Amino acid sequence: MNSYISLFDVIGPNMIGPSSSHTAGAVNLALMAYQLFARPIARVKFTLYGSFAQTGRGHGTDKALLGGIQGFATDDVRIRDSYALADAAGLEYEFVWDETTRTDHPNTVDIRLESPSGEVQTVRGESVGGGKIRILLINGIRVDFTGEYSTLVVRHADQPGVVAHVTQVLSRHGINIAYMRLYRDHKGGTGYLIVESDESIPGHFLKEIRENEMVHEIMLIQI
Amino acid sequence: MSMDFSSGKELDQLCRDRGIRISDAMMGRETELGHTDEKTVRERLKRSLKIMEASVHEPLGQPRRSLSGLIGGEAWKVYDAAARGAGEMPPGGPGNPTPALLCGEALTRAIAYSMAVLEVNAAMGLIVAAPTAGSSGVLPGTLFSLSEIFDWSGEKQADGLLNAGAIGYLLMRNASVSGAEAGCQAEVGAASAMTASAVTELMGGTPEMCLEAASLAISNLLGLVCDPIAGLVEVPCQSRNAVGVANAFTCAQLALSGITHPVPFDEMADAMYRVGRSLPWELRESARGGNAATPTGRRCAAKSGCAECHM
């Protein structure tokens, strides 16, 4: 975690150029979408807005996004060849360069992922500078997290008891919660619980969290 | 007692109290706040140095064009000219006269190296942002030129990164290292200050001299605008990195000669931030001012490939 400015925030990040916001940030956004989906990807569609759309080609934003969605990190030299690697892997991709739609932040992207069996997930995120990012929407529902902490994302039915269940499991295993937020589309609909922790959240806790029938899906981003 | 510091003044005091160098103080801070040990930090620094070293050398053997075509091959031209000027290579023929080694070997080599890193960056190669991608050439260019000339060890190079990291951290914390926020003075200016301080320590200067070198470096580049043609990290970024190197050399030389800047580092950092915030939006990475807004700059932006703009 990065609550202080580290030596390696100054001498770093180690990254594929040319731009921390338009290249490294784009890698991180797609990598986050890849980790949240946690399934094989058959098709991906990127819609780029604002400065991403206007100067993205010159910054290799498209290669960066296509690299991140294949699981490459910001310092992975394969990013330069991400088109060829996607073709070789049989990954279908599409880019939409939307220079007219206004978004809150100039470097915004929508990522639509589809699995071979047709499951779809959409993620909207923005690159806020220095390679840092923020995830704004998952499947159209407003969320807000950065991936700088270990992040647990729980999609659940908006019913009583879900939050208590999740926090009980974490507390039982001694996981300290740094931040926790709750989002939903409408009352009684679909909710997202976002839990951020300073320490890593071991994957085997997820089984216990899944035991509650209100919990539909769990995604885990590990620092 | 804590090894953390939040200003140049505190850093200076910490070094005095303990009789340590700035690099030692930064190592102390990093291990304390990161809950880690010196060995782990040095391992990571080794990785940073390895990437840096590859990025200063790679374009000399294998020049590569940037995605836009605006830059590529400049580092090799400078390096080649320097080698011919130094008599290491046969002089050029008619129409390609042997250039004088105007800047001397150390500076010329550092300039070539710093421009090389920007070429790697613009061609989607691997670099270490120091503190940013747009200013990533200044520190490694200088460090590896001097390392080769003075035969500095990897350990000593790592000390250089620690010292530079301390200055960069203070500027990041108390001012800005973002071109969009405070112009090029915050990017190449910061990189130059970090490098001037690091070189001062590596050449035997005191922590006080390091802070003087950094203050001088910031002062010299105060007000430098961020005006990238076509919004790309290429022109004028590449040659600004070369200037950041020359400024770092100059300021380290001044500080090591005992010359001081009347304005202390913390006030200089604050001045840089205030100047940056008062720059109009057009001159803060928007590609709407300076070089970018010239008729030629606009033509470059309108073209893909930009062949017309380049020799």
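Criteria and cut-off values
Residues numbered from 1 in each chain as written. Chains lettered and ligands numbered in written order. Predicted model: local features only at pLDDT ≥ 70, side-chain atom pairs only at ≥ 80, totals over all residues. Helix = DSSP H or I, 4+ residues; strand = E, 2+ residues; numbered from the N terminus. Rg over C-alpha atoms; globule rule 2.2 N^0.38 Å. Buried ≥ 20, exposed ≤ 12 C-beta atoms within 10 Å, placed from the backbone. Contact = placed C-beta atoms within 7 Å. Nonpolar A, V, L, I, M, F, W, Y, C, P; charged D, E, K, R; others polar. Pairing = 2+ DSSP bridges. Axes fitted to C-alpha atoms, helices over the stretch in contact; angles between N-to-C directions. Domains from an automatic or database assignment. Core = buried A, V, L, I, M, F, W, Y, C linked by C-beta atoms within 7 Å. Parallel < 35°, antiparallel > 145°, perpendicular 65-115°, else oblique. Left-handed = near helix turned anticlockwise from the far one by under 90°.

(A) Representation of the overall build of chain B. The helix and strand tally for chain B stands at 14 helices and 1 strand. Taking 19 Å as the expected radius of gyration for a compact globule of 311 residues, we find that chain B reaches 19 Å, a close match to that expectation. Each principal axis of the C-alpha distribution contributes one length, and for chain B these read about 60 × 45 × 35 Å. Looking at chain B as a whole, 57% of its 311 residues qualify as buried. Taking the intrachain contacts of chain B between residues at least 6 apart in sequence as the baseline, contacts between residues at least 24 apart amount to 76%.

(B) Structural context of the interface of chain B and chain A. On the side of chain A, 26 residues touch chain B, which itself brings 36 residues to the contact. Of all the secondary-structure elements, those providing two or more residues to the side of chain B that touches chain A are helix 2 (22-33), helix 3 (38-61), helix 5 (104-122), strand 1 (126-128) and helix 7 (154-174) of chain B. Top contributing element to the side of chain B that touches chain A by residue count: helix 7 of chain B, with 8 residues. Taken together, the residues of the side of chain B that touches chain A break down into 23 nonpolar, 10 polar and 3 charged. Where strand 1 (residues 14-16) of chain A meets strand 1 of chain B, 3 bridges bridge the pair, whose relative direction is antiparallel.

(C) Examining the sheet that holds strand 9 (residues 177-184) of chain A more closely. All names here are of chain A. The 4 strands lie next to each other as 9-10-8-11, forming an open sheet whose pairing is antiparallel. Looking at the sheet topology across the chains shown, the edges are occupied by strand 9 and strand 11 (215-221). On average, each strand axis in the sheet is tilted by 15° relative to the strand beside it, whichever way the strands run. Across 6 bridges, the pairing between strand 8 (residues 150-157) and strand 11 is antiparallel. Considered in strand 11, the bridge of Arg 155 is made with Glu 217. Most of the contacts of helix 6 (residues 162-172) go to strand 10 (residues 190-197), to which it runs at about 25°, and overall it touches strand 8, strand 9, strand 10 and strand 11.

(D) Fine view of the domain arrangement of chain A. Residue and element names in this part refer to chain A. In terms of domains, chain A is made up of domain 1 (7-139) and domain 2 (150-221). Just the C-alpha atoms count here: the centres of domain 1 and domain 2 sit 26 Å apart. Each side of the interface is counted separately: domain 1 has 5 residues, and domain 2 has 4 residues. With 3 residues, helix 2 (residues 20-37) is the single largest residue contributor to the side of domain 1 that touches domain 2.

(E) Summary view of the sheet that holds strand 6 (residues 132-138) of chain A. Residue and element names in this part refer to chain A. What the 6 strands build is an open sheet, ordered 3-2-4-5-6-7; its pairing is mixed. The open sheet terminates on both sides in strands that have one partner only, identified here as strand 3 (92-98) and strand 7 (141-145). Strand-to-strand twist of the sheet, defined as the mean angle between neighbouring strand axes without regard to direction, takes the value 20°. Bridge analysis of strand 6 against strand 7 gives 3 bridges, and the strand direction is antiparallel. Bridge assignment links Leu 137 to a residue of strand 7, and that residue is Arg 142. In the packing of helix 2 onto the sheet, the strands contacted are strand 4 (107-114), strand 5 (120-129) and strand 6, and the crossing angle to strand 5 comes to about 150°.

(F) The arrangement of the nonpolar core in detail. Counting 160 residues, the largest nonpolar core has Ala 30 and Ala 33 of chain A together with Ala 196, Ala 213, Ala 214 and Ala 217 of chain B as the members making the most contacts within it. Both domains that meet at this core, namely domain 1 (7-139) and domain 2 (150-221) of chain A, each give it at least three residues. Other than its neighbours up to four places away in sequence, Ala 214 of chain B contacts Ile 167, Ala 193, Ala 196, Ser 197 and Phe 265 of chain B.

(G) Summary view of helix 4 (residues 61-68) of chain A. Residue and element names in this part refer to chain A. Within helix 4, 7 of the 8 residues are buried, which leaves the element mostly enclosed by the surrounding structure. Listed in full, the buried residues belonging to helix 4 are Thr 61, Lys 63, Ala 64, Leu 65, Leu 66, Gly 67 and Gly 68. For helix 4, the secondary structure elements touched by its buried residues are helix 2, strand 2 (43-49), helix 3 (50-55), helix 5 (82-89), strand 3 and strand 4.

(H) Representation of the pairing of strand 10 of chain A in the model. Residues and elements named next belong to chain A. Most of strand 10 is tucked away: 6 of the 8 residues are buried. Pairing of strand 9 with strand 10 involves 7 bridges; the strand directions are antiparallel. Bridge pairing in strand 10 places Tyr 179 opposite Glu 196. Adjacent in sequence and paired antiparallel, strand 9 and strand 10 are bridged by 5 residues, among which Gly 188 carries a positive phi angle near 75°.

(I) Region of interest: the environment of Leu 224 of chain B. All names here are of chain B. Along the chain, Leu 224 falls in the loop between helix 10 (207-221) and helix 11 (237-256). Separated by 21 residues in the primary sequence, Leu 224 and Val 245 have C-alpha atoms spaced 15 Å apart. Setting aside anything within four residues of it in sequence, one finds Leu 224 in contact with Gly 183, Cys 184, Gln 185, Val 188 and Gly 189.

(J) Seen up close, unusual backbone geometry. Geometrically, the link from Gly 17 of chain A to Pro 18 of chain A is a cis peptide bond, its omega value of 10° lying close to zero. Positionally, Pro 18 of chain A belongs in the loop between strand 1 and helix 2. Of note, the bond from Ala 130 of chain B into Pro 131 of chain B is cis; its omega dihedral lies within 30 degrees of zero at 0°. Looking at the element boundaries, Pro 131 of chain B is found in the loop between strand 1 and helix 6 (138-150). A positive phi angle, near 65°, is found at Glu 285 of chain B, a position not held by glycine. Along the polypeptide, Glu 285 of chain B turns up in the loop between helix 12 (265-278) and helix 13 (290-293).

(K) Inspection of the environment of Arg 142 of chain A at higher detail. All names here are of chain A. Here Arg 142 shows up in strand 7. Among the residues examined, Arg 142 registers 12 C-beta atoms within 10 Å and is labelled exposed. Between the C-alpha atom of Arg 142 and that of Gly 191, which follows or precedes it by 49 residues, the distance is 9.8 Å. Residues contacting Arg 142, with those up to four places away along its chain left out, are Leu 136, Leu 137 and Tyr 183.

(L) View of the packing of helix 7 of chain B against helix 9 (residues 188-202) of chain B. Residues and elements named next belong to chain B. Between helix 7 and helix 9, whose axes approach to 8 Å, the crossing angle comes to 140°. Classified by the interaxial angle, the pair formed by helix 7 and helix 9 is oblique. Here the hand of the crossing between helix 7 and helix 9 comes out right-handed. Between helix 7 and helix 9, the residues in contact are Lys 156, Asp 159, Gly 160, Asn 163, Ala 164, Ile 167, Gly 168 and Leu 171 and Ala 190, Ala 193, Met 194, Thr 195, Ser 197, Ala 198, Glu 201 and Leu 202, respectively. By residue class, the composition of the contact of helix 7 with helix 9 is 8 nonpolar, 5 polar and 3 charged.

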